[in-house]
Amino acid sequence: MKIVILGAGGRLGGALLREYREKYDITGFNHVQLDLASLDDVREKLGAMNFDVLINAAGFTNVDACETERDRAFLINAEAPGVLAQICNERNAKLIQFSTDYVFDGKKRAPYTEEDETNPISTYGESKLAGEKNVLASENAHLVVRVSWVFGPDRPSFIDAMIKRAQQDEKVDAIADKFSTPTYTHDIARMLPQFFDRGGERGILHFANAGKCSWQEYAQWALDCCDQAGIPLRARTVGALKLNDMTRLRQGYGGQAPWVARRPVYSVLSTAKYTELTGAPPRTWREAVADYITRFYSKK
Ligand SMILES: NC(=O)c1ccc[n+]([C@@H]2O[C@H](COP(=O)([O-])OP(=O)(O)OC[C@H]3O[C@@H](n4cnc5c(N)ncnc54)[C@H](OP(=O)(O)O)[C@@H]3O)[C@@H](O)[C@H]2O)c1
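Enquirer: What am I meant to see in the site of the ligand here?
Expert: Close to the ligand lie 25 residues; His 31, Leu 36, Thr 61, Tyr 124 and Lys 128 are nearest. Between the ligand and the protein, one listed contact pairs an oxygen atom with a backbone N or O atom of Gly 10 at 3.1 Å. One of the backbone nitrogen or oxygen atoms of Val 150 is found 2.9 Å away from an oxygen atom of the ligand. Protein chains bury 85% of the 890 Å² of accessible surface belonging to the ligand in isolation. Of all the secondary structure elements, the ones that give two or more residues to the shell around the ligand are helix H1 (11-20), strand S4 (94-100) and helix H5 (123-136).

Written out as structure tokens, the structure is:
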């Protein structure tokens, strides 16, 4: 099976490339090798290739920058995936497009299903939703996989920033009133091949590790796992911050730039459909985080 991976220099794309390299005939493109903002380039480069599956893990993922660069957000996150779908249709290949929990407004208090109404509250969410629609506009068996709070070894994310701060500072805080579920890139890479089949599942699929947490709970568990693994820390307890503080703090917080975009307060993705299709639920986010820390931090 020939597979093309876009976003190969990113957190998810990097993991997919690493984990599939031995098993499939893989071509990966990073941002420099293929710029999704140049649609002619996309048509030219991918149009000359033959493949069975195209995985788009590339995107304009800086949620705050999307607010100020709206046109660019729509070009990369919405128009480009539409062009990718056309290219796949021409060669009867399957497109797997990654999307986000930020297509929801966060007003619900139970996990969001694939059928739930979308209502993005940020330009990033709007542009990703438009991308989903462009991908699913044709009759072809393309799949949109929505994920949340992605972490993994290929690019630092929230969890790595928290561990680093706990190693440097005596006090760390994280938001305690925003809820979703961390998702390990390794788990995404392991589950995805079940959906490579062109005749298989099409439409939208939610995937995240099981359970739900706040950023504070997520960070606390990461520190607990580090502690257990004997990784030296200066801070062992994560204090509580409020979501409002992040939007109010104009100076930013803990090295982060101040937030511009609105974020959903609750964006837990239901994995009931995934479990029904595959016969097994994803492992819990606590197991996934513990695995990540044992594998990638204990050796550091
Ligand atoms: N991270 C999360 O928590 C999260 C949550 C929900 C959904 N998702 C979705 O999951 C997917 C993967 O995200 P990720 O966490 O792996 O993000 P990431 O690490 O930011 O990866 C995105 C990749 O896309 C590349 N890229 C940006 N602009 C591009 C362009 N114009 N042309 C080609 N490549 C471009 C980036 O390259 P440069 O860095 O070199 O620009 C980067 O390598 C995305 O669809 C994202 O929307 C992520």
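Enquirer: Can you walk me through the side chain of Thr 183 in this structure?
Expert: In this fold, Thr 183 is placed in strand S9 (residues 183-184). Under the relative-accessibility criterion, Thr 183 is labelled buried at 0%. Beyond its immediate sequence surroundings of up to four residues, Thr 183 is in contact with Ser 148, Trp 149, Val 150, Phe 151, Ile 188, Phe 207, Ala 208 and Asn 209.

Enquirer: What am I meant to see in unusual backbone geometry here?
Expert: The general pattern is negative phi for most residues beyond glycine and trans for most peptide bonds. The phi angle at Asn 92 is positive, at roughly 55 degrees, despite the residue not being glycine. For Asn 92, the location among the structural elements is in the loop between helix H4 (70-90) and S4.

Enquirer: Whenever I open this one, the packing of aromatic side chains confuses me. Can you help?
Expert: Note on aromatic pairs: each is described by the distance of the centres and the angle between the planes. A full pass over the atoms with the stated rule returns 20 aromatic pairs. The interplanar angle of 15 degrees and the centroid separation of 4.1 Å between the aromatic rings of Phe 104 and Tyr 112 together place this pair among those described as stacked. Tyr 112 shares its class with Phe 104; the two are buried. With a centroid separation of 5.3 Å and 65 degrees between ring planes, the pair formed by Phe 151 and Tyr 292 is classed as edge-to-face. On the criterion of sequence distance, the pair formed by Phe 151 in strand S6 (residues 150-151) and Tyr 292 in helix H11 (residues 285-296) is long-range, its members being 141 residues apart. For the pair Phe 151 and Tyr 292, one class covers both residues: buried. Among the aromatic side chains, those forming a connected cluster through ring pairs are Trp 149, Phe 151, Phe 158, Tyr 184, Trp 215, Tyr 218, Trp 259, Trp 285, Tyr 292, Phe 296 and Tyr 297. When the ring centre of Trp 215 is taken as origin, the NZ or CZ atom of Lys 178, which lies over that ring, is 5.0 Å away. In this structure, Arg 286 is placed above the aromatic ring of Trp 221, and the distance from its NZ or CZ to the ring centre is 5.0 Å.

Enquirer: Is there a simple way to explain the environment of Ala 73 in this structure?
Expert: Position of Ala 73 among the secondary structure elements: in helix H4. The spatial distance from the C-alpha of Ala 73 to the C-alpha of Ala 290 is 34 Å, given a sequence separation of 217 residues. Here Ala 73 is in contact with Phe 60, Cys 66, Ala 78, Thr 123 and Ser 127, once residues within four sequence places are set aside.

Enquirer: Would you explain the pairing of S4 in this entry?
Expert: The side chains of a regular strand alternate, first on one face of the sheet and then on the other. Of all seven residues in S4, seven are buried; the element is thus mostly enclosed. Residues Lys 94, Ile 96, Phe 98 and Thr 100 of S4 are buried on one face, and the alternating residues Leu 95, Gln 97 and Ser 99, pointing to the opposite face, are buried as well. Both strand S3 (residues 53-56) and S4 contribute to a ladder of four bridges, which runs parallel. Bridged to Val 53 within S4 is Lys 94. Relative to strand S5 (residues 143-147), S4 runs parallel, the two being bridged by five bridges. Residue Phe 98 lies in a different strand from S5, and its bridge partner there is Val 145.

Analysis parameters
One numbering rule holds for all chains: residues counted from 1, following each sequence as written. A pLDDT threshold of at least 70 governs which residues receive local features in this predicted model, and a stricter bar of 80 or more applies before side-chain atom pairs are shown or counted, although totals over entire chains, interfaces and linings include all residues. Only hydrogens and water are removed before side-chain values are computed, so all heavy atoms of the structure are retained for them. Only heavy atoms are used to decide nearness, and a residue is near a molecule or strand if one of them lies within 4 Å of it. N or O atoms closer than or at 3.5 Å make up a polar contact, with two conditions inside protein: a donor-capable atom paired with an acceptor-capable one, and, for residues adjacent in sequence, both atoms drawn from side chains. The Shrake-Rupley method, run with a 1.4 Å probe, gives the accessible areas here. Residue values count only the displayed protein chains as cover. Each helix corresponds to a stretch of at least 4 residues labelled H or I by DSSP, and each strand to a stretch of at least 2 residues labelled E; elements are numbered beginning at the N terminus. Under the scheme applied here, a residue whose accessible area is under 20% of the maximum for its type counts as buried, over 50% as exposed, and between as partly exposed, the area being computed with a 1.4 Å probe on protein chains only. Residues are treated as being in contact if the distance between any of their heavy atoms lies within 4.5 Å. Between rings of Phe, Tyr and Trp, where Trp is taken as its six-membered ring, a pair exists when centres lie within 6.5 Å; planes separated by under 30 degrees are stacked, by over 60 edge-to-face, and by other angles tilted. In this scheme, Lys NZ or Arg CZ marks a charge over a ring once it lies within 6 Å of the ring centre and within 35 degrees of the ring normal. The pairing criterion for strands is at least two bridges between them, as found by DSSP.

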